[in-house]
Amino acid sequence: MEIIDTILGDYISIHLGNAADESIRHKAASGGVVTALLSYMFDERIIDRAAVVAAKKDDPSVSVATVLKDKADAVRAAGSRYAFVSIRSELQNLIKMNMRVAGVALSCDIQAIRKSFKPEWQDNIKLLIGIFCGRTLSLDATKFILQKLNVQPEDVRSFEYRAGSWPGGLSIETKEGRVFRFSRSIYNILNPLFSREACLNCEDLFNTSADISVGDAWYDLPDKKGRFEILKIHTR
C-alpha cells in the first residue's frame, strides 16, 4: 500500500537503520546504509557495476562521477560529497555494455535518468538510490574554501565533508600535513552563497523518483554512535 504524503512524497514504507558493519558505519556520513546496500549487491552478484559520486583520485577536493566494480570500491567511496555531479553518462555507458547496474544520485539526476533512459534499459537498472538533498553547493564553494585557506588544489591529500564523530564536519588535509577542521555549521554560511539556482526551485528534497531514498536521521541513541539513516522505500 502506497502512503501519500505532501511533505515527504509518496512512499511504501519508512525505516530507521544503519550498516551492521561498524567499520562501514563509522566511515559513512550517516548510517552507512548506501555503502551496505551496494556491498550486499556486489557480494550477491546482483550488480556488475555501480555509478556514484566520489572524490577525484588525483584531486580529492573535486567530486566526480565514479564507477565502482566491487565492494572494496564501494567502501572507499563512502561519505558525503556536497557538490552536484551527474552519473547519467556513466550509467548509460555501463548499460550499453549490458551490465547490471545500481546508481546513487540526487533527485534532479534521478528524475533525468527516469525520463531520458530508454524503456529497454530499465531492466539493467537493479536499484536507484536517492540522497535527501537540501540544496547542493556549486564547485565554486570548494574553490572559495581553498582560496581562503591559501591551499592549492594540487596540495590537497583529503577533502571530507562529514569527517570525524557524528554529525561530522568539513576536514581538509594537505600533503604537507596541515589539517583544517570546521564544524558542520560552516554549510549554513556556504549554502546561501554557493547554492545552485536550480536547487532554490527544487520540490523533491526527499528524492521520490528513486527506488529507495536515504538521508541522515539526525537521531542519536544513548550509545552515542549516532549515524542513523532514514530509508524511504518507493518501489517493490
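Scroll up to find the structure.
Residues numbered from 1 in each chain as written. Predicted model: local features only at pLDDT ≥ 70, side-chain atom pairs only at ≥ 80, totals over all residues. Heavy atoms only, no water.

Asks: I would appreciate a short explanation of the environment of Met-97 in the present structure.
Replies: Mapped onto the fold, Met-97 is located in the loop between α4 (88–96) and β4 (101–105). Note on Met-97: relative accessible area 53%, which makes it exposed. In this structure, the C-alpha to C-alpha distance between Met-97 and Gln-111, residues 14 residues apart in sequence, is 22 Å. (Helix = DSSP H or I, 4+ residues; strand = E, 2+ residues; numbered from the N terminus. Buried < 20%, exposed > 50% of the residue type's maximum accessible area, 1.4 Å probe, protein only.)

Asks: In this structure, what is going on with the sheet that holds strand β9 (residues 212–216)? I would like to understand it.
Replies: Where strands meet in a sheet, backbone hydrogen bonds hold them as pairs that are either parallel or antiparallel. Strand order across the open sheet formed by seven strands is β1-β10-β9-β5-β4-β2-β3, with mixed pairing between neighbours. With partners counted over all chains shown, the strands left at the sheet margins are β1 (13–17) and β3 (59–68), one partner each. The average undirected angle you get between the axes of adjacent strands in this sheet is 20 degrees. As paired elements, β9 and strand β10 (residues 229–233) share five bridges and run antiparallel to each other. When the bridges of β10 are listed, Ser-213 appears paired with Lys-232. Contacting β2 (49–56), β3, β4 and β5 (125–131), α4 runs over the sheet at an angle of about 175 degrees to β4. (Pairing = 2+ DSSP bridges. Axes fitted to C-alpha atoms, helices over the stretch in contact; angles between N-to-C directions. Contact = heavy atoms within 4.5 Å.)

Asks: What am I meant to see in the pairing of β10 here?
Replies: In regular strands, side chains alternate between the two faces of the sheet. Burial of β10 is extensive: four of the five residues sit out of reach of the surface. Pairing between β1 and β10: five bridges, direction antiparallel. In the sheet register, His-15 faces β10, and the bridge partner there is Leu-231.

Asks: Quick question: what am I supposed to make of the side chain of Asp-211 here?
Replies: Inspection of the secondary structure assignment puts Asp-211 in the loop between α8 (197–200) and β9. A polar contact of 3.0 Å, which involves the side chain of Asp-211, links it to the side chain of Arg-114. A polar contact of 2.7 Å, which involves the side chain of Asp-211, links it to the backbone nitrogen of Leu-128. Contact partners of Asp-211, with chain neighbours within four places excluded, come to Arg-114, Leu-127, Leu-128, Lys-232, Ile-233, His-234 and Thr-235. (Polar contact = N/O pair within 3.5 Å; in protein donor to acceptor, adjacent residues only side chain to side chain.)

Asks: Any chance you could explain the layout of surface pockets here in plain terms?
Replies: It is the rolling of a water-molecule-sized probe over the atoms that shows where space remains empty. Taken as a whole, the largest pocket spans an internal volume of roughly 1,100 Å³. Forming the walls of the largest pocket are 46 residues, and the residues nearest its centre are Ser-80, Tyr-82, Leu-106, Ile-131 and Phe-132. Only α2 (33–43), β2, β4, α7 (186–194), β9 and β10 provide two or more residues apiece to the lining of the largest pocket. Residue classes in the lining of the largest pocket are distributed as 28 nonpolar, 11 polar and seven charged. Taken as a whole, the second largest pocket encloses approximately 730 Å³ of empty space. What lines the second largest pocket is a set of 28 residues, among which Lys-27, Ala-55, Arg-76, Ala-77 and Ala-78 lie closest to the centre. Elements represented by at least two residues in the lining of the second largest pocket include exactly α1 (22–27), β2, β3, α3 (71–76) and β6 (156–163). Here the lining of the second largest pocket gets seven residues from one element, more than from any other, and that element is β6. Grouping the constituent residues of the lining of the second largest pocket by class yields 11 nonpolar, six polar and 11 charged. (1 Å grid on protein atoms, 1.4 Å probe; cavity = no way out; pocket = protein on both sides within 12 Å on 5 of 7 lines; lining within 4 Å. Points joined across faces, edges and corners; volume = space filled by probe spheres on them. Nonpolar A, V, L, I, M, F, W, Y, C, P; charged D, E, K, R; others polar.)

Asks: I keep staring at the packing of aromatic side chains and nothing clicks. Help me out?
Replies: Each aromatic ring pair is summarised here by two numbers: the centre-to-centre distance and the angle between the ring planes. Counted under the stated rule, the structure contains seven aromatic pairs. Note on Phe-132 and Phe-206: the rings are 5.1 Å apart at their centroids and 85 degrees apart in plane angle, and the pair reads as edge-to-face. With a gap of 74 residues between them, Phe-132 in the loop between β5 and α6 (139–149) and Phe-206 in the loop between α8 and β9 connect regions that are remote in the sequence. With a relative accessible area of 19%, Phe-132 lands in the buried category. Ring pairs connect the aromatic residues Tyr-82, Phe-159, Tyr-161 and Tyr-187, which therefore count as one cluster. (Phe/Tyr/Trp six-rings, centres within 6.5 Å; stacked < 30°, edge-to-face > 60°.)

Asks: Honestly, the environment of Cys-199 in this entry has me stumped. Any pointers?
Replies: Structurally, the position occupied by Cys-199 is in helix α8. Residues Cys-199 and Asp-58 lie 141 residues apart in sequence; the distance between their C-alpha atoms is 28 Å. Excluding its chain neighbours within four sequence positions, the residues that come into contact with Cys-199 are Arg-135 and Thr-136.

Asks: How do you make sense of unusual backbone geometry when you look at a structure like this?
Replies: For residues other than glycine, phi is negative in most cases, and the peptide bonds are mostly trans. Not every positive phi belongs to a glycine, and Asn-150 is a case in point at roughly 60 degrees. Residues other than glycine seldom take positive phi values, yet Asn-207 does so here, at roughly 55 degrees. Along the polypeptide, Asn-207 turns up in the loop between α8 and β9. Classification of Asn-207 as buried rests on a relative accessible area of 0%.

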